[in-house]
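Structure assessment
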Amino acid sequence: MIGSGISAVSLVSIPGNVGNNHLYYFQFILGTIVGYLFIAFVLTPIYYKMQLVSIYTYLKIRFGNTTYKTGSLFFLVSQSFGAALRLLISVKILQYAFFDALHIPHYLTILMVLILIWLYTNKSGIKTIVWTDALQSLFLISVIVISIMTIKHSLHFSVHEMINAVISHPYARLFDWDIHSGSNFFKQFISGLLITVALVGLDQSMMQKTLTVKSAIDAKKNVLSFSFFIALAQTMFLGLGVLIYVFAEKNKIPLLVHNGQIENTDGLYPLLTLHYFGKIGAIAFLIGVVASTFASIDACITALTTAFCYDFMNIEAQPHVKKKRIKNTVLLGVNAVMFLIVISFWNSQGAVINTIFKIAGYTYGPILGLFIIGLFFKINLKEKSVPLACIAAAVISFLSNEYFIRVFQFDFGFMNIFVNALLTVIFLFIIRQKK
């Protein structure tokens, strides 16, 4: 789960984004901890009690087939964009490190990586995947430690001096109390809670791992231990983020700045590892990128295939031969969609992690709203109107955010998911069935 939860985006985007957003992401991490508690003690027991394979089957049992397919469809859209954008970072790094020198165009690199991931996912048994994912997670954590130690030795810091350099740096600000800012404490904390519940607790790719644990009690332990390690790793990413900017300042590495914001923050860490951290640092970084890509993206592709086969293709009712054909066809389609999204975003700038959470706010908000209504309110819905209500909530939350930024200079930030989920709940109440 750590391998799936930490991708190359985390490895590159969280440290790089420190240059524009200081350590404000820590506020988000605090919110995620509360979100994991909700997943462990509320959602996990419900999933086990209902013996779910696709977690969106809950919506079918609670409301009906249309609501079930609506939730699953929003998951498919969000997961496709999230996985493709995580893949984008990895492929860009590999292109920059290797394939540009070989004059191989980026679209061939994308295709080659997707084929390798497909072979890995399709041919490996479950025990192989478990062990390789565990090793990949170890490589990923090792990259952080190696990078921190490389910077420490390069700048001739003692451990105490390195800690002081981080704490005393202008970027080392943890909390933002400006209510208009997108990184305001309350916006980050609440969105961290909600995004964790949505992207982990209501996410097929993450929860299908927990649902393979034999008992609900052990599944709770799995979620809680995972939450501890993921929070620790992300906090280390933030500390590394301050250090890479300290290293850049000491070595007078120029950074492009536009309107007071550092451009291409995602490019700084790869630049340093490949050109300034020596051979060990470069090799460790590239192993970490490849490891995180395979561990994260193969899980996403598997989840997308599972959700589409179960939720839209009725694969359980098919004979064995047809099951295999359906699975392979859907898997091919998922890879094609991933390829198209990566190509579309290839020239994007800025922190990709912000783009992922922004898209997640619009696509997971309706899912969150549907589960809130199902879990906490004893109402039934006019099913034919559910897709319209969910789409309307996503569109209106997007337009509202643009309006508030333009007129009031007030950015919802990651709180888009809260606004979206709230609008979904309101619209679902409007279309509820009268007793």
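Residues numbered from 1 in each chain as written. Predicted model: local features only at pLDDT ≥ 70, side-chain atom pairs only at ≥ 80, totals over all residues. Heavy atoms only, no water.

1. What about the nonpolar core?
L11, Y47, F75, L87, F285 and M338 are the most contacted members of the largest nonpolar core, which has 130 residues in total. With 16 residues, the top contributor of residues to this core is helix α11 (residues 216–250). (Core = buried A, V, L, I, M, F, W, Y, C linked by side-chain atoms within 4.5 Å. Buried < 20%, exposed > 50% of the residue type's maximum accessible area, 1.4 Å probe, protein only. Helix = DSSP H or I, 4+ residues; strand = E, 2+ residues; numbered from the N terminus.)

2. Brief notes about the confidence of the model for the protein chain
Fine structural detail should not be taken from predicted coordinates in areas where pLDDT scores are low. Counting all residues, the mean pLDDT for the protein chain is 84, and 93% of those residues have values of 70 or more. Mean pLDDT values for the elements of the protein chain range from 68 in helix α1 (residues 2–5) up to 92 in helix α17 (residues 416–430). (pLDDT = per-residue confidence, 0-100.)

3. Points about the side chain of Q318
As for its position among the elements, Q318 is in the loop between α13 (278–312) and α14 (320–344). Filtering out sequence-adjacent residues up to four positions away, Q318 remains in contact with M313, K323 and I326. (Contact = heavy atoms within 4.5 Å.)

4. Some remarks on the packing of helix α5 (residues 65–99) against helix α16 (residues 386–408)
Running from N to C, α5 and α16 point in directions that differ by 30°, and their axes come no closer than 9 Å. With respect to α16, the element α5 is oriented roughly parallel. Here T66, T67, T70 and F74 of α5 lie close against α16, whose contacting residues are V386, P387, C390 and I391. Each residue belonging to the contact of α5 with α16 can be placed in one class, and the counts come to 5 nonpolar, 3 polar and no charged. (Axes fitted to C-alpha atoms, helices over the stretch in contact; angles between N-to-C directions. Parallel < 35°, antiparallel > 145°, perpendicular 65-115°, else oblique. Nonpolar A, V, L, I, M, F, W, Y, C, P; charged D, E, K, R; others polar.)

5. A look at α17
In this model, α17 (15 residues) spans 21 Å end to end at C-alpha, consistent with the 21 Å of a helix rising 1.5 Å per residue. All of the buried residues along α17 are N416, I417, V419, N420, A421, L423, T424, V425, F427 and L428. Where α17 is buried, its residues meet α9 (185–201), α15 (352–376) and α16. (Expected span 1.5 Å × (residues − 1).)

6. Observations concerning the pattern of salt bridges
With the rule as written, the count across this model stands at 1 salt bridge. A salt bridge links D218 to K221, with the shortest nitrogen-to-oxygen separation between them at 3.9 Å. Pair noted here: D218 and K221 are both in helix α11, with a separation of 3 residues, about one helical turn. Residue classification places D218 among the partly exposed positions, given a relative accessible area of 35%. (Salt bridge = Lys/Arg side-chain N within 4 Å of Asp/Glu carboxyl O.)

7. Some thoughts on empty space enclosed by the protein
Taken as a whole and judged by the stated rule, the model has 2 cavities of 30 Å³ or more. In this structure, the largest cavity spans a volume of roughly 530 Å³. The element contributing the most residues to the lining of the largest cavity is α5, with 7 residues. Of the residues belonging to the lining of the largest cavity, the class tally is 23 nonpolar, 12 polar and 2 charged. When its volume is computed, the second largest cavity comes out at roughly 50 Å³. Around the second largest cavity, the lining residues are I14, N17, V18, N21, H22, Y25, L238 and I353. Element by element, the count of residues in the lining of the second largest cavity is highest for helix α2 (residues 8–21), at 4 residues. (1 Å grid on protein atoms, 1.4 Å probe; cavity = no way out; pocket = protein on both sides within 12 Å on 5 of 7 lines; lining within 4 Å. Points joined across faces, edges and corners; volume = space filled by probe spheres on them.)

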